[in-house]
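Understanding the architecture of this molecule
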Amino acid sequence: MTAYRRRTLTGMLYLAPAIVFVLVFTAYPFVQMVAMSFTNWSLIAPPKPVGLNNFQAALSDAPFWTSLGYTLRYTILITPILMIGGYLLALLVAPNSRLRRATRAIAFIPVVIGLGVSSLAWVWLFDPTFGLINRFLSDIGLIEKPIQFLGVSADLSTYSIIASVVWKVLGFGMILFVAAIQAIPSEVNEATMVDGATFWQRTRRVTIPLTRRTILLVTLVSVVGSLLAFDQFYIMTAGQPQNLTATSVFYVYLNSFPYLKLGYGAALSLILAVIILAVTVGQMALTRRSQA
């Protein structure tokens, strides 16, 4: 066996576990979902082929498109907060000092907490009877009676969920932005300081352009994550009031399991996957254009 073939075989052996993992947990379930989308499987009766009926039903399913519109609204609201907040926080803690390193660590701690755990914690914080937020607002005299943050008003529920998600994931973008800012050669910043540029001038003319690729990456991750939002809505509002806070993934879950329409749920999942793929392709096109 030649040295080249030996290296190739060694590389394939290292890749084999990852390939098996992808085939078993990604490719096979995806193929099953595609096949399921053409049936009326309900978990109770055997699946029967229905052709494109599920997709035709989805096109006229007003609650699904309503939930998709709500998901897009949620994405549009939360993405700028995560991007701007994460970048400003990164600018604050990017220099390597003991206090700033400690601040980075503290800001990143919520990222390692599970989304389900953090959502449950915020449910308790927002509780009108025992929640610390209502207690604090009452103690400082801002409210006379407890506020129902979750499940009563769709707008207030949405803003409350956004607050919990920002606390949870802001540190993720911050860390990526810090890495990108620290990768800028020190000579560049020193040259701009010699020229008399202020901090904000350096940020606008140097830092942001040189970290554009990371900005686009974090934007893509934030948008896709928001379009796939489920855990926080399932735990904190369960779509209430009147399914006005039901995201598209939550609506897919409702049809697939509580309503026992797995075939229809699979069709909705494919439609959602196509929409997210289109967003991803568009974002990648913007990334290539920025590199040109």
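Everything that follows concerns the structure shown earlier in this document.
Residues numbered from 1 in each chain as written. Predicted model: local features only at pLDDT ≥ 70, side-chain atom pairs only at ≥ 80, totals over all residues. Heavy atoms only, no water.

1. Concerning the overall build of the chain
Operational definition: What counts as a helix is a DSSP run of H or I of at least four residues, what counts as a strand is a run of E of at least two, and both are numbered from the N terminus. With a 1.4 Å probe rolled over the protein chains alone, any residue whose accessible area is under 20% of its type maximum counts as buried; one over 50% counts as exposed, and the rest are partly exposed. Contacts are assigned to residue pairs with any non-hydrogen atoms lying within 4.5 Å of each other. Neither His nor the chain termini are counted; the positive set is Lys and Arg, and the negative set is Asp and Glu. A charged residue contributes its charge at one atom only: NZ of Lys, CZ of Arg, CG of Asp or CD of Glu.
Helix and strand content of the chain: 13 helices and 0 strands. For the chain, the succession of helices and strands along the chain, N to C, is α-α-α-α-α-α-α-α-α-α-α-α-α. The C-alpha extent of the chain, read off along each of the three principal axes, is 80 × 75 × 30 Å. Split into buried and exposed, the 292 residues of the chain put 37% on the buried side. Contacts spanning at least 24 positions in sequence make up 66% of the contacts within the chain whose residues lie at least 6 apart. Within the chain, the 9 negative side-chain charges are centred at a point lying 15 Å from the centre of the 20 positive side-chain charges.

2. Comments concerning the side chain of Thr 192
Tracing the backbone through its elements, the reader meets Thr 192 in helix H8 (residues 186-194). The class for Thr 192 is buried, based on a relative accessible area of 14%. Once residues lying within four places of it in the same chain are set aside, the contact partners of Thr 192 are Ala 197, Arg 202 and Val 206.

3. Topic: the packing of helix H4 (residues 98-108) against helix H7 (residues 154-182)
Convention followed: Fitting a line to C-alpha atoms yields each axis, with helices limited to the stretch in contact; the angle taken between N-to-C directions then spans 0 to 180 degrees. Left-handed describes a crossing whose near helix is turned anticlockwise from the far helix through less than a right angle; right-handed describes the clockwise counterpart. All amino acids are sorted into three groups, where Ala, Val, Leu, Ile, Met, Phe, Trp, Tyr, Cys and Pro are nonpolar, Asp, Glu, Lys and Arg are charged, and the leftover types, Gly among them, are polar.
Across the interface, H4 lies against H7 with an axial gap of 8 Å and an inter-helix angle of 145°. Between H4 and H7 the crossing geometry is left-handed. Residue-level inspection shows Arg 104, Ala 107 and Phe 108 of H4 in contact with H7, the latter providing Gly 171, Phe 172, Met 174, Ile 175, Val 178 and Gln 182. Here the residues of the contact of H4 with H7 sort into 6 nonpolar, 2 polar and 1 charged.

4. A few points about the layout of surface pockets
For clarity, the cut-off: A cavity here means a set of points on a 1 Å grid, drawn over the protein atoms and nothing else, where a 1.4 Å probe fits but cannot get out; a pocket is an open set with protein on both sides within 12 Å along at least five of seven lines, and a residue lines either one if it has an atom within 4 Å of a point. Grid points are joined across faces, edges and corners, and a volume is the space filled by probe spheres set on the points.
The calculated volume of the largest pocket comes to roughly 350 Å³. In terms of lining residues, the largest pocket is bounded by 22 residues, among which Leu 82, Val 169, Val 221, Ser 222 and Gly 225 are the most central. For the lining of the largest pocket, the secondary-structure elements that each account for two or more residues are helix H3 (62-93), H7, helix H10 (212-227) and helix H11 (231-236). Per element, the largest residue contribution to the lining of the largest pocket is 6 residues, and it comes from H7. Among the residues forming the lining of the largest pocket, the class breakdown is 15 nonpolar, 5 polar and 2 charged. In this structure, the second largest pocket occupies an estimated 300 Å³ of space.

5. Considering the environment of Pro 128
Along the chain, Pro 128 falls in the loop between helix H5 (115-125) and helix H6 (132-139). Take Pro 128: its relative accessible area is 23%, and that puts it in the partly exposed class. Note: C-alpha distance between Pro 128 and Leu 150 (22 residues apart in sequence) is 9.2 Å. Discounting residues that sit within four places of it in the chain, Pro 128 has contacts with Asn 134, Pro 146, Ile 147 and Gln 148.

6. A word on the packing of aromatic side chains
What describes a pair of aromatic rings is the distance from one ring centre to the other and the angle between the planes of the rings. Rules: Here is the rule: rings of Phe, Tyr and Trp (six-membered ring for Trp) pair when centre to centre is within 6.5 Å. Planes less than 30 degrees apart are stacked, more than 60 are edge-to-face, and the remainder are tilted.
Scanning all chains against the criterion turns up 18 aromatic pairs. The interplanar angle of 80° and the centroid separation of 5.4 Å between the aromatic rings of Tyr 234 and Tyr 253 together place this pair among those described as edge-to-face. Of this pair, Tyr 234 sits in helix H11 while Tyr 253 sits in helix H12 (residues 248-256); the two residues are 19 residues apart in sequence, bridging distant segments of the chain. For Tyr 234, a relative accessible area of 38% translates into the label partly exposed. Look at Tyr 253 and you get partly exposed, because its relative accessible area is 25%.

7. A short note on the nonpolar core
Nonpolar side chains in soluble globular proteins tend to end up buried together. Rules: Each nonpolar core is a collection of buried residues, namely Ala, Val, Leu, Ile, Met, Phe, Trp, Tyr and Cys, held together in the definition by side-chain atoms within 4.5 Å.
In this structure, Tyr 74, Ile 78 and Met 174 are the most contacted members of the largest nonpolar core, which totals 32 residues. The set of elements that each furnish at least two residues to this core consists of H3, H5, H7 and H11. Among the elements that line this core, the one with the most residues is H3, at 10 residues. Excluding anything up to four places from it in sequence, Ile 78 contacts Ile 162, Val 165, Val 166 and Ser 226. Listed in part, the 12 residues of the second largest apolar core include Met 33, Tyr 251, Val 252 and Ile 271.

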